[in-house]
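# Working through the structure, step by step
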Amino acid sequence: MSLIHKTAAELGAMIAAGEVSAEEVAAAHLDRIEETEPKIRAFLHVDREVTLAQARAVDARLRSGEKLGPLAGVPLAHKDIFVTKDMPTTAASKILEGWRPPYDATVTARLREAGLVFLGKTNLDEFAMGSSTENSAFGPTRNPWDLSRVPGGSSGGSSAAVAAYQAPLSTGTDTGGSIRQPAAVTGIVGMKPTYGGSSRYGLIAFASSLDTPGPFARTVLDAALLQEAFSGHDPLDSTSIDRPVPKVVEAARNPDVAGMRIGVVKEFDGEGYQPGVLNRFREAVKMLEALGAEIVEVSCPSFTVALPAYYLIAPSECSSNLARFDAMRYGLRVGDDGTRSAEEVMALTRAAGFGPEVKRRIMLGTYALSSGYYDAYYGQAQKVRTLIARDFEAAYQKVDVLISPTTPTTAFPIGERADDPMAMYLADLCTIPSNLAGNAAISVPCGLADEDNLPVGLQIMAPVLGDDRCYKVGAALEKAFEARWGGPLLKEAPAL
Ligand code: GLN
């Protein structure tokens, strides 16, 4: 088997044993990227020399006897919303084009420390606002299962890179579903850790009360290894949780659901769901039952109003966060010819630098926060948020985890929803409640839909700091599915 087809755990073990160097592993992936990028376009930035230099430095650290973690020397693709001091960072926006951050995000720094090697920065919807990567200012990424379809979003470059075997691992951020939804529609694993379990320091902010860094991988264990590598308390992030990190790797190594109580969310079914998605989901429920889990139907009535609440809260926070792009401090500056006031330059720059979806959100959010409307919109949405957290609390009195399809449909064609924001927003119907409550949730592949042979994802939700439960159930399903499929669902990038 070639190096690009190995898991991150396997690569880490081979590098630690001296069977292959980090440089050779990086070079194999860089070659794959070079060969497949014209079709996929997962990356906004790749710099072969920078990557190979990083890999050689890890090889030297290992040779000198330094004890590094299990992923030392393993390459990964990094979402271009984490700042990186040796690579540009754009958040896929023209307003940041060419910006070189002077520092590393905590996630970036911890991964460097653990010896991971950065293959480049991946494409996303501008400032992570979207579900398809079509809102990137630099063009869309394509789904490795079908090049005419989206890879999900906002972390679609990261999901596509892993599904295309360009990287064994990648990072994402999940504000309303941006890790789980792209993972589902590209047939890979994607995890949104508990809010505050992974640091937001150096993550370009979209909606600060929701933004959560997390891992993508082709196996549950690889995702757990990556999550563990960047998790844990960070004094530089005021909402970072100062508690022991859930034992996610241990959970991923011990797949077992016997005796577990698993709740099926009643509200995530029916109209608007693709039949093939529901078929795969129901089969997975049966498999969990056969593995010894007790299946219970659970009603979470407030989940039906999560989407509208999210589309008030997230734009409100974005309107405030994106005020920092003022044409003075970073990136683009338009019309600064000595004749215009700072205010005029700011207006011209923001008009030219932000794309239509970002502008829509800034306007929505500014409106929702304005005096006179605050209580009716933002205030009301915050109350819904409380109701959702209560629904979860009530459910977790009865069950250990909740499950649902990750998305109502499989990957949609590029262009199909681009002019219909509501249709686009519906892609996150099932993922948003976990963001509003700050809970942990993972998406794992559960087969291909009958209609289109495209991947379907199953979502496993757990309470705050119950990340290990997501991995335990995810690993049990993965094992059962592999027995059925005779190996992983994603054996090749089908469209390449
Ligand atoms: N698709 C959702 C949105 O557009 C979620 C995005 C995200 O999680 N970053 O806001």
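What counts, and where the lines are drawn
- Residues numbered from 1 in each chain as written.
- Predicted model: local features only at pLDDT ≥ 70, side-chain atom pairs only at ≥ 80, totals over all residues.
- Heavy atoms only, no water.
- Core = buried A, V, L, I, M, F, W, Y, C linked by side-chain atoms within 4.5 Å.
- Buried < 20%, exposed > 50% of the residue type's maximum accessible area, 1.4 Å probe, protein only.
- Contact = heavy atoms within 4.5 Å.
- Helix = DSSP H or I, 4+ residues; strand = E, 2+ residues; numbered from the N terminus.
- Polar contact = N/O pair within 3.5 Å; in protein donor to acceptor, adjacent residues only side chain to side chain.
- Axes fitted to C-alpha atoms, helices over the stretch in contact; angles between N-to-C directions.
- Parallel < 35°, antiparallel > 145°, perpendicular 65-115°, else oblique.
- Nonpolar A, V, L, I, M, F, W, Y, C, P; charged D, E, K, R; others polar.
- Near = heavy atom within 4 Å.
- Areas by Shrake-Rupley, 256 points an atom, 1.4 Å probe, with all protein chains shown as cover.
- Pairing = 2+ DSSP bridges.
- Right-handed = clockwise from strand over helix to strand, strands pointing away.

Before going further, it helps to spend a moment on the nonpolar core. By size, the foremost hydrophobic cluster in this structure holds 117 residues, and its most contacted members are F127, L169, I204, L402, I403, L458 and Y471. Residues contacting F127, with those up to four places away along its chain left out, are I81, A91, S93, I95, L96, I204, F206, L322, F325, F354 and V358. Core analysis: the second largest hydrophobic core is formed by 21 residues, A26, L52, A72 and A77 among them.

What follows covers the side chain of S136. Within the secondary structure, S136 is located in the loop between β3 (117-122) and α5 (156-163). Using a relative accessible area of 8% as the deciding quantity, one classes S136 as buried. There is a polar contact of 2.7 Å between the side chain of S136 and the side chain of N123. Apart from residues no more than four positions distant in its own chain, S136 is found in contact with A92, N123, L124, D125 and E126.

Direction vectors running N to C along helix α9 (residues 275-290) and helix α16 (residues 467-485) enclose 105°, while the axes themselves pass 10 Å from each other. With respect to α16, the axis of α9 lies roughly perpendicular. Only V473, L477, A480, F481 and R484 of α16 make contact with α9, whose side of the interface consists of E283, A284, M287 and L288. Residues of the contact of α9 with α16, tallied by class, amount to seven nonpolar, no polar and two charged.

The subject of this paragraph is the site of the ligand. The immediate surroundings of the ligand are formed by 15 residues, with G176, S178, Y310, R361 and D428 found nearest. In the environment of the ligand, an oxygen atom lies 3.2 Å from a nitrogen or oxygen atom belonging to the backbone of G177. Within the contact set of the ligand, an oxygen atom lies 2.6 Å away from a side-chain nitrogen or oxygen of Y310. For the ligand, whose unbound accessible area comes to 290 Å², protein coverage reaches 100%.

Burial of strand β2 (residues 75-79) is extensive: five of the five residues sit out of reach of the surface. Inspection of the sheet shows β2 paired to β3 by five bridges, in the parallel sense. Directly across from K79, in β3, lies its bridge partner T122. With helix α4 (residues 106-113) bridging β2 and its parallel neighbour β3, the resulting β-α-β unit is right-handed.

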